[in-house]
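# Close look at the chain arrangement
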Amino acid sequence: MKYKHYVAAMTSAVLLLTGCQQTQAPTPEQSSTTTYATAPEQNSNTQITTTEQSSTTQTLTETQPPTTDNTPLTNIVRSDQIKLPDDILSFIQVERTEDGFGCIAYNEYRQLTYLHISEDMQTSETFVLTSPSDQEKYYSTRYRWFAIEEDGIWAIVNNEGHEEIEPYLLCHYAKNGELISAIPANELQDHMMSHYRHGGDFESVGDVLYLTLYDGKVLQIDKETAKVSVVSDLNKEDDSYNVKYLCFDRDDKPILLREKVEYAPDTHTIHEASVSEFDLESGSCGQTIYTTGDNWDSKEYFFVLKGCGEYRFFINTSNELIGIRDDGTQESLIDLDASDLDRDCGTIVDCLQPPYYTSDIMIVPADDTHFLGHIIGNPDYKTAAYHLTRKHESEIS
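Let me sum up the structure you'll find in this document. (Residues numbered from 1 in each chain as written. Predicted model: local features only at pLDDT ≥ 70, side-chain atom pairs only at ≥ 80, totals over all residues. Heavy atoms only, no water.)

### Quick word on unusual backbone geometry
Note the threshold: Every helix listed is a DSSP run of H or I at least four residues long, and every strand listed is a run of E at least two residues long, numbered separately from the N terminus. Here's how the labels work: a residue is buried when its accessible area is under 20% of the maximum for its type, exposed when over 50%, partly exposed in between, all with a 1.4 Å probe on protein chains only.
Phi at Arg 110 is positive, roughly 65°, even though this residue is not glycine. Its location among the elements puts Arg 110 in the loop between strand S6 (100–107) and strand S7 (112–118). Residue Arg 110 is classed as partly exposed on the basis of its relative accessible area of 24%. Non-glycine residue Asp 252 carries a positive phi angle of around 65°. Locating Asp 252 in the fold gives a position in the loop between strand S17 (243–248) and strand S18 (254–264).

Shown next as structure tokens:
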């Protein structure tokens, strides 16, 4: 799922995606595969080279016996902390896949890793991504964007030498971390000289990838040839919205998130947000599907996530997850502030946001009942993830 998905971006996520995979990681002689159970405490730290693959399989939480409750579901959730592999440090991106969740994360050696979490959030596997370049020639390899799909992982990468920045590469990875291809995307260089990542809008749709730049230009990149073309301009329409993000719904139809944002030192306020149908070719908005209305006034964030099942897309705010159906009706699936999730914390915000740094709280649905809650935050601190389950009315009466 693109949250991508597949998605508005906070400063912390921007810094993560422009981070550098250093070549100074420890390099023991061989990679390893290890199986873990939850109960015994074991050290799963595995040091590997940047050219070898490492796989770690781990049981995350103990499976609870199924129960039947026919009372209606509420928007209050309970939380079970997921035991992540010991070497996972911080999330960059999480998407729903057909068999669970695909994650891009840093491990404790600052290596970019593909982490797969099963749909029931009980097991995980990790694989370090193979560098596409000669590490003796370049001092760093920067991964700028990621798109996770069923057939693997797409990434836009550029190498940095001691004298100059090399052209961009379009890299395709298998989900075991192996590099399938690395094609020069020389035409990206002309567009990237004065732009950086802005928003979660690097999307895989069919045979092409869409990349939205800071100035609102939408680039289309052919997966086979890495040919680049400008296909749309989000700012073509002159309106009162000063921030715009290209997203895609459950059926890969383009939709546009528009916000009225007021900026101040170290903060911002979203006064209004709306989601509309969008025509890529003309750059014009169609029917408005969702709007917060005037004077919404949130100092946090507003994300659009690709939908599933009966929901065309989801909206993730700082205190709520909302499902939007095909007919435009909406349902509050999770109320973050009302959910008393853990004996050691009063709300999900306390559970997912440790006091030593500020981060974004993201929720990725497995369906309309179960969700993965995770932190995208400071890359120097350990992340956390939670299995969130909506409570029935009988559980809160």
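### Regarding the side chain of Asp 249
The following threshold applies: Nitrogen and oxygen atoms within 3.5 Å of one another constitute a polar contact, given that in protein one can donate a hydrogen and the other can accept it, and given that sequence-neighbouring residues count only through two side-chain atoms. Here, residues are in contact when the closest pair of their heavy atoms is within 4.5 Å.
Along the chain, Asp 249 turns up in the loop between S17 and S18. Residue Asp 249 is classed as buried on the basis of its relative accessible area of 0%. A polar contact is formed between the side chain of Asp 249 and the side chain of Arg 312, at a distance of 2.7 Å. Those residues in contact with Asp 249, other than ones at most four positions away along the chain, are Ile 255, Lys 306, Gly 307 and Arg 312.

### Let's talk about the sheet that holds strand S13 (residues 202–205)
Note on sheets: strands pair through backbone hydrogen bonds, and any given pair is parallel or antiparallel. Put simply, the rule is: Only strands that DSSP links by at least two bridges are regarded as paired with each other. Axis lines are fitted to C-alpha atoms, over the contacting stretch for helices. Their N-to-C directions set the angle, which ranges from 0 to 180 degrees.
As summarised here, the arrangement of the four strands in space is S13-S14-S15-S16, forming an open sheet in which the pairing is antiparallel. The open sheet has two edge strands, S13 and strand S16 (228–233), and neither has a second partner. Between one strand and the next, the sheet's axes are offset by a mean angle of 25°, whatever the strand orientation. Judged from the four bridges that link them, S13 and strand S14 (residues 208–212) form a sheet pairing that is antiparallel. Within S14, the position partnered with Glu 203 by the bridge is Tyr 210.

### Observations regarding a negative patch on the surface
Just so we agree on the cut-off: Residues form patches when they are more than 30% accessible in relative terms and have no salt bridge. Like charges link within 9 Å. Nonpolar side chains (Val, Leu, Ile, Met, Phe, Trp, Tyr) link within 5 Å. The method behind every accessible area is Shrake-Rupley, applied with a 1.4 Å probe, and residues are considered shielded solely by the protein chains displayed. Salt bridge, as used here, is a side-chain nitrogen of Lys or Arg placed within 4 Å of a carboxyl oxygen of Asp or Glu. We count Lys and Arg on the positive side and Asp and Glu on the negative side, and we leave His and both chain ends out. Charge positions are represented by NZ for Lys, CZ for Arg, CG for Asp and CD for Glu.
Residues Glu 98, Asp 99, Glu 119, Asp 120, Glu 150 and Asp 151 make up a contiguous surface patch of negative charge. Within the element layout of this structure, Glu 98 appears in the loop between strand S5 (88–97) and S6.

### Some details on the side chain of Glu 272
Here Glu 272 shows up in strand S19 (residues 267–279). Here the side chain of Glu 272 touches Tyr 241 through a polar contact of 3.0 Å, side chain to side chain. The residues touching Glu 272, leaving out its near neighbours within four places in the chain, are Tyr 241, Arg 258, Glu 259, Lys 260, Thr 291, Thr 292, Gly 293, Asp 294 and Trp 296.

### Examining the environment of Leu 188
In this structure, Leu 188 sits in helix H2 (residues 188–192). Sequence-wise, Leu 188 and Ala 226 are 38 residues apart; in three dimensions their C-alpha atoms are separated by 9.1 Å. Discounting chain neighbours no more than four positions away, the residues touching Leu 188 are Ile 156, Tyr 168, Leu 211, Leu 219, Ile 221 and Val 228.

### Some remarks on the pattern of salt bridges
Counting across every chain of the model gives 16 salt bridges. Of the charged contacts, one joins Glu 331 and Arg 325 as a salt bridge, the two residues approaching to 2.7 Å between their closest N and O atoms. When its relative accessible area of 23% is taken as the criterion, Glu 331 is described as partly exposed. Since its relative accessible area comes to 22%, Arg 325 is described here as partly exposed. Residues joined by salt bridges that share partners form a network here, namely Glu 310, Arg 325, Glu 331 and Arg 390.

### A few points about the nonpolar core
Let me state the cut-off plainly: Here, nonpolar core means buried Ala, Val, Leu, Ile, Met, Phe, Trp, Tyr and Cys residues that are tied together by side-chain atoms lying within 4.5 Å of each other.
Counting residues in hydrophobic clusters, the biggest one holds 18 residues, and the most contacted among them are Phe 314, Leu 321, Leu 333, Ile 334, Ile 363 and Phe 371. The set of elements that each furnish at least two residues to this core consists of strand S21 (302–306), strand S22 (311–317), strand S24 (330–335), strand S25 (360–365), strand S26 (370–376) and strand S27 (385–392). Setting aside anything within four residues of it in sequence, one finds Leu 333 in contact with Thr 74, Asn 75, Tyr 311, Phe 314, Leu 321, Gly 323, Phe 371 and Arg 390.

### Side note on the packing of aromatic side chains
Spelled out, the test is: Here is the rule: rings of Phe, Tyr and Trp (six-membered ring for Trp) pair when centre to centre is within 6.5 Å. Planes less than 30 degrees apart are stacked, more than 60 are edge-to-face, and the remainder are tilted. Throughout this description, the term charge over a ring refers to an Arg CZ or Lys NZ atom that lies within 6 Å of the ring centre and within 35 degrees of the ring normal.
Enumeration according to the criterion identifies five aromatic pairs in this entry. For the ring pair Tyr 290 and Phe 302, a centre distance of 6.1 Å and an interplane angle of 35° mean the geometry is tilted. A residue pair is termed long-range when its members are at least 10 positions apart, and Tyr 290 in strand S20 (residues 284–291) and Phe 302 in strand S21 qualify at twelve residues. Phe 302 shares its class with Tyr 290; the two are buried. Look at Tyr 311 and Phe 314: their rings are 5.5 Å apart centre to centre, the planes differ by 45°, and that puts the pair in the tilted class. Of the two residues examined, Tyr 311 and Phe 314, each falls in the buried class. Grouping aromatic residues by their ring pairs yields a cluster made of Tyr 143, Phe 146 and Tyr 173. Its end group placed over the ring of Tyr 106, Arg 110 keeps NZ or CZ at 4.2 Å from the ring centre. Sitting above the plane of the Tyr 241 ring, Lys 260 keeps its charged end 5.3 Å from the centroid.

### Quick look at the sheet that holds S24
Ordered by their spatial adjacency, four strands build an open sheet running S21-S22-S23-S24, and the pairing between neighbours is antiparallel. Looking at strand neighbours, the two that pair on one side only are S21 and S24, the edges of this open sheet. The sheet shows a mean angle of 25° between the axes of neighbouring strands, taken without regard to direction. Two strands pair when backbone bridges link them, and strand S23 (residues 320–325) and S24 are joined in this way by five bridges, in the antiparallel orientation. Counted as the bridge partner of Ile 324 is Gln 330 from S24.

### Things to note about the environment of Ser 332
The topology assignment puts Ser 332 in strand S24. Separated by 17 residues in sequence, Ser 332 and Ile 315 place their C-alpha atoms 9.5 Å apart. Residues within four places of Ser 332 in sequence aside, it is in contact with Asn 75, Glu 320 and Leu 321. Of note is the side chain of Ser 332, whose polar atom sits 3.2 Å from the side chain of Asn 75.

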